[in-house]
Amino acid sequence: AQCQKDDWKFHKRCCKKPEEPKAKAAPEKKSPAEQAAREERRKKKEEEKVVDNDENITWYKHREWKPTVEPKKEFTPTPINGDAAAAATAETAKPTAGSAWNAAGTWEEKDVTAFAQQGLKAKLVGFQSVDVAGGALSADDVEAVDGDASKPVIRGKLRHMFDLSFKVKLTF
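Keep in mind that what you see is a predicted model, and the values were worked out from it rather than measured.

Asks: What am I meant to see in the overall build of the chain here?
Replies: Scanning the chain for helices and strands turns up four helices and five strands. Along the chain direction, N to C, the helices and strands of the chain fall in the order α-α-α-β-α-β-β-β-β. Burial statistics for the chain: of 172 residues in total, 10% are counted as buried. Carbon and sulfur atoms make up 54% of the accessible area of the chain, which totals about 16800 Å².

Asks: Is there a simple way to think about the layout of surface pockets in this case?
Replies: Roughly 160 Å³ of volume is contained in the largest pocket. Considering the residues around the largest pocket, the lining is formed by V112, F115, A116, G119, L120, A149, S150, K151, H160, M161, F162 and L164. Contributing elements (two or more residues each) for the lining of the largest pocket: α4 (113-125), β3 (135-154) and β5 (161-171). Take the lining of the largest pocket: its biggest share by element is four residues, from α4. Per-class residue counts for the lining of the largest pocket are eight nonpolar, three polar and one charged.

Asks: Just to check I follow, could you spell out the pattern of salt bridges for this structure?
Replies: Summed over all chains, the structure comprises one salt bridge. The partner of R42 in a salt bridge is E39, with the nearest N and O atoms 2.2 Å apart. With R42 and E39 both in helix α2 (residues 32-48), this residue pair falls three residues apart, about one helical turn.

Asks: Could you clarify how one ought to interpret a positive patch on the surface in this entry?
Replies: The grouping of K30, R38, R41 and K45 at the surface amounts to a positive patch. Residue position: K45 is located in helix α2.

Asks: Teacher, can you tell me more about the pairing of β3 here?
Replies: Regular strands show a simple pattern: their side chains alternate between the two faces of the sheet. The pairing of strand β1 (residues 108-111) with β3 spans four bridges and is classified as antiparallel. Along β3, the bridge assignment pairs E109 with P152. The sheet contact formed by strand β2 (residues 130-132) and β3 spans three bridges and is antiparallel. Paired with V130 across the bridge in β3 is L137.

Asks: What is the right way to look at the environment of K169 in this model?
Replies: Turning to its location among the elements, K169 is positioned in strand β5. In this structure, the C-alpha to C-alpha distance between K169 and E143, residues 26 residues apart in sequence, is 6.9 Å.

Asks: Help me out: how do you make sense of a negative patch on the surface in this one?
Replies: Residues E109, D111, D148 and D163 make up a contiguous surface patch of negative charge. Residue placement: E109 occurs in strand β1. Classification of E109 as partly exposed rests on a relative accessible area of 49%.

Reading the values: the criteria
- Residues numbered from 1 in each chain as written.
- Predicted model: local features only at pLDDT ≥ 70, side-chain atom pairs only at ≥ 80, totals over all residues.
- Heavy atoms only, no water.
- Helix = DSSP H or I, 4+ residues; strand = E, 2+ residues; numbered from the N terminus.
- Buried < 20%, exposed > 50% of the residue type's maximum accessible area, 1.4 Å probe, protein only.
- Areas by Shrake-Rupley, 256 points an atom, 1.4 Å probe, with all protein chains shown as cover.
- 1 Å grid on protein atoms, 1.4 Å probe; cavity = no way out; pocket = protein on both sides within 12 Å on 5 of 7 lines; lining within 4 Å.
- Points joined across faces, edges and corners; volume = space filled by probe spheres on them.
- Nonpolar A, V, L, I, M, F, W, Y, C, P; charged D, E, K, R; others polar.
- Salt bridge = Lys/Arg side-chain N within 4 Å of Asp/Glu carboxyl O.
- Patch = residues over 30% accessible without salt bridge, like charges linked within 9 Å, V, L, I, M, F, W, Y side chains within 5 Å.
- Lys, Arg positive; Asp, Glu negative; His and termini not counted.
- Charge placed at Lys NZ, Arg CZ, Asp CG, Glu CD.
- Pairing = 2+ DSSP bridges.

In structure tokens form, the structure reads like this:
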């Protein structure tokens, strides 16, 4: 191949000055004591080498896989009757709470504050008197019910969350 100075990119990449061969240096003669010391240091280094990863790695051999000699098997579908199909779908379908549009089961919340406040008032007013320390304790009236109540569906499970406070007028 000849030098192509006109094409600078090619010239820069491919054309190099020929290098002169380097003369081999004559090996130095060392005393037997130096050779023995060097050999001893080399053996110590080999002994001190720490093997960090000596486990048998088999999971990375997917690139070495070769197809087997077995012939390909033909797949022939088998028909199933309607009863078996209904049973299979009934097994796989999990009953979940929440709306039909929320198939992923993400956060879905329903506010039930009014229902909770009315129910708490009804339960507190209707509760029976209790005998305590020489008298009877009964609830006359529920003055106020404040707070929030909701029914969130989180990851397909229905939960109940509430933060309610109330004032009850008690008689003794």
